[in-house]
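# Structure at a glance
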There are 2 protein chains.
Amino acid sequence: MTSEPTRTEATEAGDDGPVSQTLARVSRLHRLSGGKLLRPTGLCSGQEFLMMTLWREGSVRQSELAKTLDLDPSTVTLMLRRLEQGGHVVRTRDPQDRRVMLVRASAESYALRPKVAQVWAQLEEHTLDGLDDEEREAFARILSKIEKNLSSTDDG
Amino acid sequence: MTSEPTRTEATEAGDDGPVSQTLARVSRLHRLSGGKLLRPTGLCSGQEFLMMTLWREGSVRQSELAKTLDLDPSTVTLMLRRLEQGGHVVRTRDPQDRRVMLVRASAESYALRPKVAQVWAQLEEHTLDGLDDEEREAFARILSKIEKNLSSTDDG
DNA sequence: GCGAGTTCATTGGTCGACCAACGAATTCAC
DNA sequence: GTGAATTCGTTGGTCGACCAATGAACTCGC
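Residues numbered from 1 in each chain as written. Chains lettered and ligands numbered in written order. Predicted model: local features only at pLDDT ≥ 70, side-chain atom pairs only at ≥ 80, totals over all residues. Heavy atoms only, no water.

### Re the confidence of the model for chain A
In this model, chain A carries a mean pLDDT of 87, and residues with pLDDT of at least 70 account for 87%. Scored below 50 in pLDDT, residues 1-13 of chain A shows five contacts in the model against residues more than four places distant or in partner chains. (pLDDT = per-residue confidence, 0-100. Contact = heavy atoms within 4.5 Å.)

### Considering the packing of helix H2 (residues 47-57) of chain B against helix H4 (residues 73-85) of chain B
Residue and element names in this part refer to chain B. Following both chains from N to C, one finds H2 and H4 inclined at 75 degrees, their axes separated by 11 Å at the closest point. Between H2 and H4, the angle falls in the class roughly perpendicular. Contacts between H2 and H4 involve Gln47, Leu50 and Met51 from the former and Met79, Leu80, Arg82 and Leu83 from the latter. Looking at side-chain class alone, the contact of H2 with H4 contains five nonpolar, one polar and one charged residues. (Axes fitted to C-alpha atoms, helices over the stretch in contact; angles between N-to-C directions. Helix = DSSP H or I, 4+ residues; strand = E, 2+ residues; numbered from the N terminus. Parallel < 35°, antiparallel > 145°, perpendicular 65-115°, else oblique. Nonpolar A, V, L, I, M, F, W, Y, C, P; charged D, E, K, R; others polar.)

### Some words on the protein's contact with DNA strand D
The immediate surroundings of DNA strand D are formed by 27 residues, with Gln62, Ser63, Arg81 and Arg91 of chain A together with Gln47 of chain B found nearest. Within 4 Å of the protein, the contacting atoms of DNA strand D are drawn from sugar and phosphate to the extent of 79%. Between DNA strand D and Thr77 of chain A there is a distance of 2.6 Å, counted from a phosphate oxygen to a side-chain nitrogen or oxygen. A distance of 2.9 Å is found between a phosphate oxygen of DNA strand D and a backbone nitrogen or oxygen belonging to Arg98 of chain B. If you list the elements that add at least two residues to the surface near DNA strand D, you get helix H3 (62-69) and helix H4 (73-85) of chain A together with H4 of chain B. Each residue belonging to the surface near DNA strand D can be placed in one class, and the counts come to seven nonpolar, nine polar and eleven charged. (Near = heavy atom within 4 Å. Polar contact = N/O pair within 3.5 Å; in protein donor to acceptor, adjacent residues only side chain to side chain.)

### Focus: the packing of aromatic side chains
Using the criterion set out here, one finds five aromatic pairs over all chains in the structure. Ring centres 5.7 Å apart and planes at 10 degrees place the aromatic pair Phe139 of chain A and Phe139 of chain B in the stacked group. With one member in each of two chains, Phe139 of chain A in helix H6 (residues 133-151) and Phe139 of chain B in helix H6 (residues 133-151) form a pair that bridges those chains. Accessibility classification places Phe139 of chain A together with Phe139 of chain B in one group, the buried group. Each ring, one from Trp55 of chain B and one from Tyr110 of chain B, has its centre 6.4 Å from the other, and the planes form 50 degrees; the classification is tilted. Residue Trp55 of chain B is located in helix H2, and its partner Tyr110 of chain B is located in the loop between strand E3 (101-105) and helix H5 (112-128); the two are separated by 55 residues in the primary sequence. Taking relative accessible area as the criterion, Trp55 of chain B reaches 5% and is therefore assigned buried. (Phe/Tyr/Trp six-rings, centres within 6.5 Å; stacked < 30°, edge-to-face > 60°. Buried < 20%, exposed > 50% of the residue type's maximum accessible area, 1.4 Å probe, protein only.)

### A word on the nonpolar core
Judged by nonpolar contacts, the single largest core of 26 residues is most densely connected at Phe139, Leu143 and Ile146 of chain A together with Phe139, Leu143 and Ile146 of chain B. Elements supplying a minimum of two residues to this core: helix H1 (19-38) and H6 of chain A together with helix H1 (19-38) and H6 of chain B. Not counting chain neighbours up to four residues away, the residues in contact with Phe139 of chain B comprise Val19, Phe139, Ile142, Leu143 and Ile146 of chain A together with Leu128 of chain B. (Core = buried A, V, L, I, M, F, W, Y, C linked by side-chain atoms within 4.5 Å.)

### Remarks on the protein's contact with DNA strand C
Ser74 of chain A together with Gln62, Ser63, Arg81 and Arg91 of chain B are the nearest of the 28 residues found near DNA strand C. Within the side chain of Arg82 of chain A, a nitrogen or oxygen atom sits 3.0 Å from a phosphate oxygen of DNA strand C. Contacts to DNA strand C include Ser63 of chain B, whose backbone N or O atom sits 2.5 Å from a phosphate oxygen. Of all the elements in the fold, those that place two or more residues in the surface near DNA strand C are H4 of chain A together with H1, helix H3 (62-69) and H4 of chain B. When the residues that make up the surface near DNA strand C are grouped by side-chain class, the tally is seven nonpolar, nine polar and twelve charged.

And the structure:
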């Protein structure tokens, strides 16, 4: 009665259980780790993504931001509200199209940019510590494939 | 030792940017995908982890559950409240130690077990679709290493 | 036996993230 | 130009997840 849950029949490799499970654990740890490193900057986990986009892109529409980050519009709304209150971003209405909110990083926020970059480098190093070049390359490649797989879920 | 954060130039393979970033995206997609598959069962993303633990372990202390799932106690409290309201789990006070809450899967919940298992298999397949055995093995192995890396963050 | 510390769970607060529903602005059709 | 779709952002509701602090129960020391 012990069932046999994942039986893809080819599960011989180090069985930490299904990869999905490990992936979930790893991503949580990764996020947590990133959050801790990020805290000194005053940003929360996830916000750095948004800020990096703004730093790179300049002034962008909110809808564009949501698309770029692949986030729900409502998520972006809320994140931006916090970030605006924190003085990290500036939101203005597009005079051309009054529906649109144009978002850009505040001048002060640019002081965070190198810190965030450093945190990311640190996280990257911590994540990939002990992996040789070959493994890193393989991991990046496979992860990329998986991303494509999951992107094409498109619920329909 | 500063500077030159990610581009160690040895990162020639498909540069989707730092792996951390891809990992974050993938994990989000993965979670989303799992959530969608899970919805018909009435469970939310993350809850299936907990249920599977209960199904496997039987009756466990809440603290034990938190440790097993590597979650914050408060997170578990809230999850269990929802799950209890949904009739998926039963919580009882340990008469031996009245601090302790003993948690077990409800009888009805066992009907979900095979469905959840199926969802997991489905997710697994969708995630790893198009990867050959070697890649799957490599991915599992590397992921495992990364998990160890991130686990040892132990902030102090 | 009584107080100090520890363990356990809960509460309150914050944030990310989703979906569904809505109102406001714009575009498209006629 | 008026009305119907569409786009854009917001709001409300729900859930996962964290931290910090609190209260309840137990354990240990004396």
